[in-house]
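Listed below, chain by chain, are the residues.
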Amino acid sequence: MAQNVTGHTELLGLMAMPSRHSNSPLMHNTAFEKTGLDCVYVCFEVGRDEIKDAVKAIRTLKLKGCNVSMPNKSEVCKYLDKLSPACALIGACNTIVNKDGCLEGHNTDGIGYMTMLKDNGVDITGKKMTLAGAGGAGTAIAIQSALDGVGELSIFNIHDEFWDNAHKTAKKINENTNCKATVYPLEDKELLKSEIESSYIFTNATGVGMKPLEGMTVVPSADFFRKDLVVVDIIYSPKKTRLLELAEEADCRIWVNGTGMMLFQGAAAFKLWTGKDMPIDDIKKVLEL
Ligand code: NAD
């Protein structure tokens, strides 16, 4: 690929710490090649103390755009010129678009989640969702699904540093959308069971199920699930978490992991940067999805 880089090649990248493990370079560089765009995507290791200078560098070096990930998603919003409505409500940005020097912040995690549902034939309009996790990804999912018409949201979180954020998110949803959001303690498993029972869909957006919590799950047993429930775990490594094993055991009609969300958040960013559709089938092949 390096041989194809010219004086006109435009640069994009990921600003995160760590960033080297990311699938995004493979995804976007394949998409640039397949769509004939003279662009290249690389990973930058950028920590919280460096993100302000990194945003300055986007302006100085005229990068076409960037993805932003942990730990920079909230902090970066301060240094941008414009935020999309979802990005402003979520309070976190994962995609920056450089429009002739004006840096726009977007959040495509929630869009990626909603597109993944659509790709699996799931429509949550007017329905009830129980959501575990009110961290970065959980907030994006809660806000985007509320903006897109989910009827009711029961948000569960443990009493950790994200507990207050769960309440802030519910307040924003109740004040800005037609969705009714309520927060519950994830420690109360009876409550979790009864909220799942009255839900159309259950989504895990906590880190429970991936390293260092691999093999664990926020749902204690398969009897929390029933056949006509949709179960989503946004974790994509491992591909089948303990939670999804329980969904399989309960014979749930649809259970999906986070690879689709990861793919479609990338596709939404690609569209924002280039105006073109990502060649999804090609990308599914290279990512072995
Ligand atoms: P975060 O650090 O912002 O939030 C972590 C969440 O997990 C919080 O809600 C926290 O309360 C909860 N949590 C942590 N330890 C817990 C425990 N022991 N018991 C119960 N809850 C616990 O992280 P994030 O960026 O929101 O990521 C959360 C998960 O989502 C990660 O596994 C990440 O890989 C995954 N993710 C997937 C995608 C995708 O595209 N599929 C995108 C973003 C994040």
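The coordinates are above.
Residues numbered from 1 in each chain as written. Predicted model: local features only at pLDDT ≥ 70, side-chain atom pairs only at ≥ 80, totals over all residues. Heavy atoms only, no water.

A. Broad picture of the sheet that holds strand 6 (residues 102-106). Across the sheet, which stays open at both edges, the six strands sit in the order 2-1-3-5-6-4 with mixed pairing between neighbours. The open sheet has two edge strands with one neighbour each: strand 2 (39-45) and strand 4 (82-83). With seven bridges connecting them, strand 1 (residues 10-16) and strand 2 associate as parallel partners. Its bridge partner lying in strand 2, Leu11 is registered against Val40. (Pairing = 2+ DSSP bridges. Helix = DSSP H or I, 4+ residues; strand = E, 2+ residues; numbered from the N terminus.)

B. Seen up close, helix 8 (residues 242-249). Every buried residue of helix 8 is listed here: Leu243, Leu244, Leu246 and Ala247. For helix 8, the arc enclosing every buried residue in end-on projection is 155 degrees, short of the 170-degree limit, so these residues lie on one face. For helix 8, the secondary structure elements touched by its buried residues are strand 10 (201-204), strand 11 (230-233) and strand 12 (254-256). A positive backbone phi angle near 60 degrees is found at Asp251, which sits one or two residues after helix 8. (Buried < 20%, exposed > 50% of the residue type's maximum accessible area, 1.4 Å probe, protein only. Arc of directions from axis to C-beta. Contact = heavy atoms within 4.5 Å.)

C. Structural context of the packing of aromatic side chains. Scanning the model with the defined rule gives four aromatic pairs in all. The interplanar angle of 35 degrees and the centroid separation of 5.4 Å between the aromatic rings of Phe32 and Phe270 together place this pair among those described as tilted. You can see Phe32 sitting in helix 1 (residues 24-35) and its partner Phe270 sitting in helix 9 (residues 259-274), a full 238 residues away along the chain. Accessibility expressed as a relative area gives 1% for Phe32, which makes it buried. The class for Phe270 is buried, based on a relative accessible area of 0%. With a centroid separation of 6.1 Å and an interplanar angle of 50 degrees, the aromatic rings of Tyr41 and Trp273 are classed as tilted. With Tyr41 in strand 2 and Trp273 in helix 9, this residue pair connects regions lying 232 residues apart in the sequence. For Tyr41, a relative accessible area of 2% gives the class buried. Across from the ring centre of Tyr200, 4.1 Å away, lies the NZ or CZ of Lys127, which sits over that ring. (Phe/Tyr/Trp six-rings, centres within 6.5 Å; stacked < 30°, edge-to-face > 60°. Lys NZ or Arg CZ within 6 Å of the ring centre and 35° of its normal.)

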